[in-house]
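Next come the chains, spelled out residue by residue.
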2 protein chains.
Amino acid sequence: MTIKEIAKLANVSLGTVDRVIHKRGKVSKETEKKILDIIDKVNYTPNIYARGLVLNKQYRIKALLPEFRQGQYWEMPVKGMQNAATNLSQFGIQLEVLYFDQNSVTSFNSAAKQLLSYKPDGVILAPVINFEAVKLSKKLKDAQIPYVLIDSLIQNSEPLSFIGQDAFQSGRLAAKLLCTEINLKGSISIISIKNNENYNSTLQQRIEGFKDYIANSDFIDQISLNESHIHVGSPDMPMAIENAIGTKENVDGVFVPSSMIHHVAAYVDRYRQRFPNLKMIGNDLIPNNIRHLEKGTIHYLIGQRPENQGYYALSSFYKHLVLGQRVAEDIYLPLDIITQENLKYYNNNFQYNF
Amino acid sequence: MTIKEIAKLANVSLGTVDRVIHKRGKVSKETEKKILDIIDKVNYTPNIYARGLVLNKQYRIKALLPEFRQGQYWEMPVKGMQNAATNLSQFGIQLEVLYFDQNSVTSFNSAAKQLLSYKPDGVILAPVINFEAVKLSKKLKDAQIPYVLIDSLIQNSEPLSFIGQDAFQSGRLAAKLLCTEINLKGSISIISIKNNENYNSTLQQRIEGFKDYIANSDFIDQISLNESHIHVGSPDMPMAIENAIGTKENVDGVFVPSSMIHHVAAYVDRYRQRFPNLKMIGNDLIPNNIRHLEKGTIHYLIGQRPENQGYYALSSFYKHLVLGQRVAEDIYLPLDIITQENLKYYNNNFQYNF
DNA sequence: TTGTATGCGTTATCAC
DNA sequence: GTGATAACGCATACAA
């Protein structure tokens, strides 16, 4: 059904129908009602091709993400975003990624300022520096620029959508797997490793979920927990790792609630004979972690499909801006459990998700 | 860059450019080369909107699948297909699903005949009745109708793409999880349950993978295996289950390489006190299986994202027919490990995969 | 308040 | 061999 046909049915010109559809006014109440009824009855949907052809709109989306080196976590969401950008370019979606230093508020603010100066049609934001992200989200709201949050949520925000993982549940799952692996008894070391100084709600929630699972299990008395915090790159990192896993009492399991588990795994691997039965579980399938999973140093990795997160983030804008569809508010990605056995098929078809 | 601009660059009319692009001939060698060079240099891609508008093509895709009742496995791929059909209808993709009785070759053949009479632009085929599916695939090839295979492959076929799972690897994964769960020792019962009489290569491969994992493990001597085959609906099914798991020696683990594990779970659940520590693993997250996973009767389910399989099947045709893109030949879906902990987030966003 | 005309980029037909 | 042109459905500027 086309506008022309609707116009004929309503005995008006297609200009009038168009004015009704786009609420441009200058139509009498009665003809408006008549046209709306017909539109409703025939279930009219505009032809996406004709619409796209005549509008010929370009939508500029800016992403604001932490800078990264090859093999680091943030490489993966970016890959997914760029993949989406390729597929969506024919629909006028344009992506540019701006980067900031996770340890520098100044760097974030200057990138944010630059971003706002572009007056983009949409923003993808990783709120790694929580407090500054909140301020930016307010500015975006004032400027009526829709934004998508990726990885973690921020307070009082009204994003077009949030795309990430339930961190608490992720921690619970890690606990279940690790406890089963160590046969429901022994000593577990939770090691929080970060490469920045910011408060990280995701890490925190994963740890809470981990503890919650054990606290509510019927083998709580059989498990002893200890927790440590390590900063990547600090000169005493080896000693910190040694303290976390090499104390007198044997540690049976290690949980690192971030992609940084490979640092511990490398240490364990170096002194393999000292840790013959240590079971390790962590997050994110970055190359360094995958290597240790293949080697057997790491036993489980929990994935959060970072490429898909990136892909979905841009897709949200395609749906919203191009198709005019309502988009899901919160998109929680599955908690993928990866072991040696299913590693090969993990996410090998994410590029197909369009 | 548009055809018009290319025409101007080449000092020809846009009709000539069009003839070159579509290889319609009637163009002199030299002008053809000149135009091709320009097209190549400016990296011309046709405007998808204008193209779609003028062609206004409808693509009729017919799917040929086993009939099912609510809650059965085939409901899920169909759901994914129909979801895709909704999203893709605006691009002219039309889907109709034809059903056949898995236990009736006649039913399959009459549905296949009907399908061919439609002269569809594409076919989605579930080769559940292997031999007949092979014959149909030949006819489709002769008629030059592209087809997508879903769930399992067939011999000597040349599908547009195959969408499914690596069944052997799925079996290996099941073995790993179950063996860990029973602490690498004990007695395991493999129960193959089917609701039809056809040879099922997927089941077979899963069982082989399962055995392969154990045969190549270092705890092979600690595990005893027995295997049984059961037909759903047969009056002696309870006794067959009893024989498989209720023998004198305790069975520690059960592996059912299909979505039919809930039949065993229901039996185990009814006589719970007799099987206090039985661990069970199976395939596919149909409602009956999910219920037993939540209850704890089933410990792991391996998912194969059937909705996504359906979605991808139709998407393949969108990519092939509408966008003219090359599509991936074999799409192996991830082997998802589902337990109580990550069940909630499993595949809750599959509808977003467009 | 309503109707008409033009153009978006591509395809396909027709005249030269 | 080549060029001109109508048509697809929609949005919009402008005429009435």
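Residue indices follow the written sequence of each chain, beginning from 1 at its first position. As they are written, the chains are lettered A onward and the ligands numbered 1 onward, keeping that order. Totals for whole chains, interfaces and linings use all residues, but because this is a predicted model, local features are given only for residues with pLDDT of at least 70 and pairs of side-chain atoms are given and counted only at 80 or more. Hydrogen atoms and water are omitted, and side-chain values are computed over all heavy atoms in the structure.

The name an unreviewed UniProt entry gives chain A is Transcriptional regulator catabolite control protein A, with Galbibacter marinus as the organism.

Trainee: Account for helix H3 (residues 29-42) of chain A, naming residues and giving values.
Mentor: Residue and element names in this part refer to chain A. With 14 residues, H3 should cover 20 Å at 1.5 Å per step; its first-to-last C-alpha distance of 20 Å lies within 8% of that length. Turning to H3, its buried residues number three or more, namely Ile-35, Ile-38 and Ile-39. Taken down its axis, H3 places every buried residue within 100° of arc, on the same side. Counted as exposed and oriented over 90 degrees from the buried face of H3: Lys-29, Glu-30, Lys-33, Asp-40 and Lys-41. Note on definitions: a residue-residue contact is assigned when non-hydrogen atoms from the two residues lie within 4.5 Å. Secondary structure follows DSSP: runs of H or I at least 4 residues long count as helices, runs of E at least 2 residues long count as strands, and numbering of each begins at the N terminus. In this structure, the buried side of H3 is in contact with helix H1 (3-10) and helix H2 (14-21). Where H3 ends, the next residue or the one after it, Asn-43, has phi of about 55°, a positive value. Helices are assigned an expected span. That span is 1.5 Å times one less than the residue count. Each residue is assigned to one of three classes by its accessible area relative to the maximum for its type, calculated with a 1.4 Å probe on protein chains only: buried under 20%, partly exposed between the two thresholds, exposed over 50%. In this description, the arc belongs to the directions extending from the helix axis to the C-beta atoms.

Trainee: Quick rundown of the sheet that holds strand S4 (residues 147-151) of chain B? Include the residues and the values.
Mentor: Backbone-to-backbone hydrogen bonds join strands into a sheet, with any given pair of strands oriented parallel or antiparallel. All names here are of chain B. Following DSSP output, two strands are said to pair if at least two bridges run between them. In space, the six strands of this open sheet follow the order S2-S1-S3-S4-S5-S11, with parallel pairing throughout. Whereas interior strands pair on both sides, the edge strands pair on one side only; in this sheet they are strand S2 (93-100) and strand S11 (330-332). Across the sheet, the mean angle separating the axes of adjacent strands is 15° when strand polarity is ignored. Relative to S2, strand S1 (residues 59-66) is paired through eight bridges, and the arrangement is parallel. Along S2, the bridge assignment pairs Leu-64 with Leu-98. Interaxial angles span 0 to 180 degrees and are taken between N-to-C directions of axes, which are lines fitted to C-alpha atoms, for helices over the stretch in contact. The strands touched by helix H5 (residues 75-88) are S1, S2, strand S3 (122-125) and S4; relative to S2, the strand with the most contacts, the crossing angle is about 160°.

Trainee: Requested: an account of the protein's contact with DNA strand C, with residues and values cited.
Mentor: With respect to spatial proximity, 25 residues lie near DNA strand C, and among them Ser-13 and Arg-19 of chain A together with Ile-3, His-22 and Tyr-44 of chain B are the closest. Residues are labelled near a given molecule or strand when at least one of their non-hydrogen atoms is within 4 Å of it. In DNA strand C, atoms within 4 Å of the protein come 61% from sugar and phosphate. In protein, a polar contact requires one atom able to donate a hydrogen and another able to accept it; more generally it is a pair of N or O atoms within 3.5 Å, and residues adjacent in sequence count only if both atoms are side-chain atoms. At a separation of 3.1 Å, a phosphate oxygen of DNA strand C approaches a polar backbone atom of Asn-47 of chain B. At 3.1 Å, a side-chain N or O of Arg-51 of chain B approaches a phosphate oxygen of DNA strand C. Those elements that provide at least two residues to the surface near DNA strand C are H2 and helix H4 (48-55) of chain A together with helix H2 (14-21) and helix H4 (48-55) of chain B. The residue classification treats Ala, Val, Leu, Ile, Met, Phe, Trp, Tyr, Cys and Pro as nonpolar and Asp, Glu, Lys and Arg as charged. All others, Gly included, are polar. Partitioning the surface near DNA strand C into residue classes produces twelve nonpolar, eight polar and five charged.

Trainee: Help me get a handle on the packing of aromatic side chains, residues and values and all.
Mentor: Remark: the centre distance and the inter-plane angle together describe each pair of aromatic rings, the angle taken between the planes. Residues and elements named next belong to chain A. Between rings of Phe, Tyr and Trp, where Trp is taken as its six-membered ring, a pair exists when centres lie within 6.5 Å; planes separated by under 30 degrees are stacked, by over 60 edge-to-face, and by other angles tilted. Overall, the coordinates contain 18 aromatic pairs over all chains when judged by the stated rule. The interplanar angle of 70° and the centroid separation of 5.7 Å between the aromatic rings of Phe-162 and Tyr-332 together place this pair among those described as edge-to-face. Taken together, the residues span a long stretch of sequence, with Phe-162 in strand S5 (residues 161-164) and Tyr-332 in strand S11 (residues 330-332) at a distance of 170 residues. Judged by its relative accessible area of 2%, Phe-162 falls in the buried class.

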